[in-house]
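# A closer look at the structure
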Amino acid sequence: MGAVKLSGDNYDRIYAVVRRIPRGHVATYGQIADLAGLDGRARQVGYAMRTLTIEGVPWHRVVNARGQISARAEPGSDLIQRQLLESEGVVFDAADRLKLEDYRWRPKMDGRPRRRPRAQDSL
DNA sequence: CATATGGCTCAAC
DNA sequence: TGTTGAGCCATAT
């Protein structure tokens, strides 16, 4: 029968990518989405993290594009994330940010097309 | 099926 | 540097 595309499939892909983030490194939501073949759907990565229930996924290594830990529904969870990262050697500055230039995970990807630029109305 | 949100992101101010 | 607005689209209700 025709394969029915389940949304959970995307989650698995996201989790698979997150699992590959090396210790002491981080990746942005957009980056995860990109690597998971869901370019441009950074928000869904956040959703995947929010509904994350399985273990073995280093969700704490996922931060937003500013190198900051995003506030979420559950208060205190962001602090836990920061502590986990610090325990891996990641250092935050006074603005609670980490240096993406230093910690960003760079998997092998040659000439992979960046996600398409948003159409701009006028400039 | 229609609305409302959201662990985002980019560009412009 | 921080703020604001708008785009994006899967989940939730």
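Before any of the text, the structure's been laid out above.
Our subject in this report is the structure included herewith. It should be emphasised that the depicted structure is a prediction, and the values quoted were computed from it without experimental measurement.

### Concerning the packing of aromatic side chains
Per the counting criterion, the structure on display carries 1 aromatic pair. Note on tyrosine 11 and tyrosine 15: the rings are 5.9 Å apart at their centroids and 70 degrees apart in plane angle, and the pair reads as edge-to-face. Linking tyrosine 11 with tyrosine 15, this pair stays in helix α1 (residues 8–19), spanning 4 residues, or about one helical turn. Residue tyrosine 15 is classed as buried on the basis of its relative accessible area of 6%.

### Focus on the layout of surface pockets
In this structure, the largest pocket encloses a volume near 530 Å³. In terms of lining residues, the largest pocket is bounded by 18 residues, among which Gly46, Met49, Arg50, Arg72 and Ser77 are the most central. Mapped by element, the contributors of at least two residues to the lining of the largest pocket are α3 (42–50) and α4 (77–87). Counting residues per element, the lining of the largest pocket draws most heavily on α3, at 5 residues. Class assignment for the residues of the lining of the largest pocket results in 9 nonpolar, 5 polar and 4 charged.

Basis of the calculations
- Residues numbered from 1 in each chain as written.
- Chains lettered and ligands numbered in written order.
- Predicted model: local features only at pLDDT ≥ 70, side-chain atom pairs only at ≥ 80, totals over all residues.
- Heavy atoms only, no water.
- Phe/Tyr/Trp six-rings, centres within 6.5 Å; stacked < 30°, edge-to-face > 60°.
- Helix = DSSP H or I, 4+ residues; strand = E, 2+ residues; numbered from the N terminus.
- Buried < 20%, exposed > 50% of the residue type's maximum accessible area, 1.4 Å probe, protein only.
- 1 Å grid on protein atoms, 1.4 Å probe; cavity = no way out; pocket = protein on both sides within 12 Å on 5 of 7 lines; lining within 4 Å.
- Points joined across faces, edges and corners; volume = space filled by probe spheres on them.
- Nonpolar A, V, L, I, M, F, W, Y, C, P; charged D, E, K, R; others polar.

Nothing here speaks to function; it is all geometry.
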